[in-house]
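Here are the chains, one letter per residue:
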Amino acid sequence: MSPQSLRQRADLLARWVRRIGLWTLTLALAAALLALVLAGREQALSVLFGAAIGLYNLLSLARAGFAVLLAAEADPDATAARTSRFAPLLAALRWPATALATAAVLWYMPGRPEGLVAGVLVALAGFTAAALQSARELNHSGTDSGTADPTDPDDTSA
């Protein structure tokens, strides 16, 4: 894959990460305002903290996925031995770090479990909305003209 194409993919990743953040922030603020009106300040804070934890977790997952994709496209013959020796350690620490952040919010801050779950679900909704919005760009970024092939069976746009 050419360096220009790799740069294009990296730019798409940067745009997608910004979209994930904007969607999650927008949905989290709306959900927190609703929680503030219906259930009080503690619940609204729980929604915001849950959205922050979910956003961090999903962004780290997205970056790792794109890193693997870009590495595979750059050198299709690469083996697992060429990966960073710290990659398995970082992958293994992601879930315990998320669990510790969740415990810290529930134990030390005025958080409530249902608000935290709602916040994580808001982050997942933001991640999904950004993915849906970016799907066409991500699928067709490898084309030369930047436009989709009308005979492409995977293109569902009308």
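Residues numbered from 1 in each chain as written. Predicted model: local features only at pLDDT ≥ 70, side-chain atom pairs only at ≥ 80, totals over all residues. Heavy atoms only, no water.

**Student:** How should I be thinking about the packing of aromatic side chains in this particular structure?
**Tutor:** Two numbers describe a pair of aromatic rings. These are the distance of the centres and the angle of the planes. By the definition in use, this model includes one aromatic pair. Note on Trp16 and Phe127: the rings are 5.3 Å apart at their centroids and 55 degrees apart in plane angle, and the pair reads as tilted. Of this pair, Trp16 sits in helix 1 (residues 3–39) while Phe127 is found in helix 4 (residues 113–139), placing the two residues 111 residues apart along the sequence. The exposure classification of Trp16 matches that of Phe127, with both residues buried. (Phe/Tyr/Trp six-rings, centres within 6.5 Å; stacked < 30°, edge-to-face > 60°. Helix = DSSP H or I, 4+ residues; strand = E, 2+ residues; numbered from the N terminus. Buried < 20%, exposed > 50% of the residue type's maximum accessible area, 1.4 Å probe, protein only.)

**Student:** What is the right way to look at the confidence of the model for the chain in this model?
**Tutor:** In low-pLDDT segments, the atomic positions of the prediction should not be examined closely. When the pLDDT values of the chain are averaged, the result is 78; 77% of them are 70 or greater. The element-level mean pLDDT for the chain is lowest in helix 3 (residues 87–108), coming to 78, with helix 1 highest at 88. Every residue in residues 144–149 scores below 50 in pLDDT, and together they form four contacts with partners more than four places removed in sequence or on other chains. (pLDDT = per-residue confidence, 0-100. Contact = heavy atoms within 4.5 Å.)

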